[in-house]
Amino acid sequence: MKICLLSYRGNPYCGGQGIYVMYIAKELVKLGHEVHVVAGPPYPFEENGVIIHRISNHNYFNKGTNFIKPHKPFATLQPLNLYEFIAAKFGIFPEIETFSIRAFLKLKELLKTHRFDIIHDNQCLGYGFLLIQRLGVPFVSTIHHPLTIDRSTWFEHPSTFNLKMKRILYYPLLMQKIVSNRMYRIITVSHNAAFEINKAFGVDQDNISVIYNGMDSTIFYPVKGVKKKKNSIIFVGNVEDRKKGIIYLLKAMSLTRHPVTLTIVDGGAPNRSSVPRLIDKLGLNGRVTFTGKIPIDRLIRLYSQTEIAVLPSLYEGFGFPAAEAMACELPVITTTAGALPEVVGEHMKTGYLVPPRDAPAIAQGIDFLLDHPDIRSTMGKAARQRVLEIFTWESAARELVNMYREVINAYGRF
Amino acid sequence: MPRPRIFGYLAVLSTLILAGLVTYSLYLLTAENIEYSGTDLNKINNFTFYAVALPLSLVSVMVIGTGFWIGWTILTIKVVPPMPDIADKKDYSKIKAFFLCLFTLCLGALLLYGISIKNFWALAIPAAAISLVILGAIFWVGIAIITTRSTLPEEKK
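Since the structure is predicted, the reported quantities are computational estimates derived from the model, not experimental observations.

Criteria and thresholds
- Counting restarts for each chain: residues are numbered from 1 in the order of the written sequence.
- All chains are assigned letters beginning with A, and all ligands numbers beginning with 1, in the order in which they are written.
- Only residues with pLDDT of at least 70 get local features here, since the model is predicted, and only at 80 or more are side-chain atom pairs given and counted; chain-wide, interface and lining totals rely on the full set of residues.
- Only hydrogens and water are set aside; all other atoms, that is, all heavy atoms of the structure, feed into the side-chain values.
- A strand pair is defined by DSSP finding two or more bridges across the two strands.
- Secondary structure elements are taken from DSSP: a helix is a run of H or I of four residues or more, a strand is a run of E of two residues or more, and numbering for both begins at the N terminus.
- Only the stretch in contact is used when a helix axis is fitted, and all axes are lines through C-alpha atoms; the angle between N-to-C directions ranges over 0 to 180 degrees.
- Contacts between residues were defined by any pair of non-hydrogen atoms, one from each residue, lying within 4.5 Å.
- Classification of residues uses two cut-offs on accessible area relative to the type maximum, computed with a 1.4 Å probe and protein chains only: under 20% is buried, over 50% is exposed, and between them is partly exposed.
- Note on handedness: a crossover is taken as right-handed if, strands pointing away from the viewer, the path from the first strand over the helix to the second is clockwise.
- Patch membership requires over 30% relative accessible area and the absence of a salt bridge. Like charges are linked within 9 Å, and nonpolar side chains (Val, Leu, Ile, Met, Phe, Trp, Tyr) within 5 Å.
- Under the convention used here, a 1.4 Å probe and the Shrake-Rupley method define accessible areas, while residue burial counts only the protein chains that appear.
- Think of a salt bridge as a Lys or Arg side-chain nitrogen and an Asp or Glu carboxyl oxygen that are within 4 Å of each other.
- Charged residues are defined here as Lys and Arg on the positive side and Asp and Glu on the negative side; His and the ends of the chain fall outside this count.
- Here's the idea: put two parts together, see how much 1.4 Å probe accessible area each one loses, and the total over both is what we call buried area.

Things to note about the sheet that holds strand β12 (residues 332-335) of chain A
All names here are of chain A. Strand order in the open sheet formed by six strands is β10-β9-β8-β11-β12-β13, with parallel pairing between adjacent strands. Edge positions in the sheet fall to β10 (288-290) and β13 (352-354), since each of these pairs with one other strand and no more. Going from strand to strand, the sheet's axes swing by 25° on average, the running direction of each strand aside. Sheet topology places strand β8 (residues 232-236) next to strand β11 (residues 308-311); two bridges connect them, and they run parallel. Note on β11: the bridge partner recorded for Ile 234 is Ala 309. Contacting β8, β11, β12 and β13, helix α14 (residues 359-371) crosses the sheet at an angle of about 160° to β13.

Looking at the pairing of β11(A)
Residue and element names in this part refer to chain A. Burial along β11 is two-sided: the face carrying Ile 308 and Val 310 and the face carrying Ala 309 and Leu 311 are both buried. Sheet analysis places β11 next to β12, joined by three bridges and oriented parallel. Its bridge partner lying in β12, Val 310 is registered against Ile 333. Where the polypeptide runs from β11 across helix α12 (residues 320-327) and back to β12, its parallel neighbour, the crossover connection is right-handed.

Re a nonpolar patch on the surface
A contiguous nonpolar surface patch, about 650 Å² in accessible area, is contributed by A:Phe74, A:Leu77, B:Met1, B:Ile6, B:Phe7, B:Tyr9 and B:Leu10. When its relative accessible area of 38% is taken as the criterion, B:Ile6 is described as partly exposed.

Observations concerning the side chain of A:Arg242
Mapped onto the elements, A:Arg242 comes out in the loop between β8 and α9 (246-253). One buried charge, A:Arg242, has no salt-bridge partner; the nearest side chain with opposite charge is A:Glu240, at 4.0 Å.

So, α12(A)
Residue and element names in this part refer to chain A. Where burial is concerned, most of α12 is hidden: eight out of the eight residues are buried. Residues of α12 that are buried: Phe 320, Pro 321, Ala 322, Ala 323, Glu 324, Ala 325, Met 326 and Ala 327. Note on α12: the residue one or two positions beyond its end, Glu 329, has a positive phi of about 65°.

Focus: the pattern of salt bridges
Residue and element names in this part refer to chain A. Scanning the entire structure with this criterion turns up 16 salt bridges over all chains. Here Glu 34 ties to Lys 2 by a salt bridge, and the two come within 3.7 Å at their closest N and O atoms. Within this pair, whereas Glu 34 is found in strand β2 (residues 34-39), its partner Lys 2 is found in strand β1 (residues 2-7), the two being separated by 32 residues in sequence. The class of Glu 34 is partly exposed, set by a relative accessible area of 31%. Between Glu 95 and Arg 9 there is a salt bridge, with its nearest N and O atoms 2.9 Å apart. Note that Glu 95 is positioned in helix α3 (residues 95-110) and Arg 9 in the loop between β1 and α1 (16-30), a separation of 86 residues in sequence. A cluster of three or more residues bridged by salt bridges with shared partners is formed by Asp 150, Asp 241 and Lys 243.

So, the environment of A:Ile186
Inspection of the secondary structure puts A:Ile186 in strand β6 (residues 185-188). With residues up to four places along the chain from it excluded, the contact list for A:Ile186 reads A:Ser141, A:Ile143, A:Ser180, A:Ile197, A:Val203, A:Asn207, A:Ile208 and A:Ser209.

Observations concerning the interface of chain A and chain B
In this assembly, 32 residues from chain A lie in contact with 34 residues from chain B. Summing both sides of the interface, chain A and chain B together bury roughly 3,100 Å²; the carbon and sulfur share of this comes to 80%. By the criterion of area lost to chain B, the three top residues of chain A are A:Pro70, A:Phe161 and A:Ile168, representing 19% of everything that side buries. Linking chain A with chain B are one salt bridge, by the criterion used here. Measuring nitrogen to oxygen at the nearest pair gives 2.6 Å for the salt bridge that ties A:Lys164 to B:Asp91.

Shown next as structure tokens:
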């Protein structure tokens, strides 16, 4: 099969969508398919057998003043770039929409030399996709979770009127609702995400396929011979992403009996604003360490040096950090929100589940697991076993191929 | 002077001149005409008037509608109350959102009323606003071209 994957950000370090594209592309190639990836910056890494087509983008939304490229000084005055520039200055996030239009132009060009059997988008859903559907190739899209959840969890935090205005403008919910209802099939990564997509965008449940993400257990594994730091916990995620629920973990730290120390693996200093203030307020100075962006091998080592991973999320469409920690045989304390129970499994067997937004329950969980090293060890081993059995990229790719065939056959009948 | 920088200066100068002309022609020159020479849009053919008024009012209604939608979302969104430890300031955003809704509703009604009676300002203000936003963006880009390093860093060469 000749498959074209689309991703407006393709690098695995830019979040779950980059990881998804990298592994899915790799596994589809292993299964003998020809895979092309049309991606925006940051671009995906070169992989054996994966053909990457790069789509440029000026990233006007994140660049304040330094947006002129010396070798292309007039690029901003091109119509699509100028639209992106003006929209970004008004606080709108135009990258998704402009990527979809650029992807349409790129695909039009590629289809002259390649006959794709299917086009598979990854969480973009821009208006340009309505044009891509006119190209005569079956077109499906993966939604990891609907952005309505990001918006509502963001609103849980007190903020100024201006910030709230910016957040409402930021999320392209109307566009994603319109486009998602016009796709041949929506793929999502958990049953909970399927339910939320139906609730938020009104996509028919029969048109949604659930295919779990995988976890690379050859990269994420327990490093032998590494000594655990006493009373240590780890949180992996963007602390400014309100749905990650870091504030409840910090509050929990002020309630535990044990003097726990927390390592936060986050995106780096520019992505921290409110959390350091809360650390001061709760008197946790000296007990919290930020690592910023780190390479994977250091992250794995950190997992191996730590006693417990905590993921206090208010929502996760899948929850990669939970699966990563589980693959490293680390007991995970997480919430019953979103897809986390689907990923983590049974309470007290493969993980420790608490209600979302419940700091005392998190504190109780930390104290309980620190008091019981034997349970920690059994839970960690069972967690890795669960990951090995259920969450592999190979089975994700095989299920995708079956779904592609189904869609192509149905498309052929029209 | 490098060529891009010359074009940057040209962009800045031309947008400044155009912005000045838009403002002068729409507000100063025509205001006098309205007052003293009696320019009346009712005398214009309906087709000509609506050919300009419809796209302009559609864009304006979209912008005003977005403002209303923002206010309405802030007013009506249902979320879990924040954790007491982080709620240190009083949140006045609902009150502001109410006034934003009220303001945009009044503005929208005024615009549609203005269009319906073929008022000059109902066309002039949105036209000037749209023109100035586009000219402002080009001006901004021009300034950025002028002030950006014109040589490539070593690794880009």
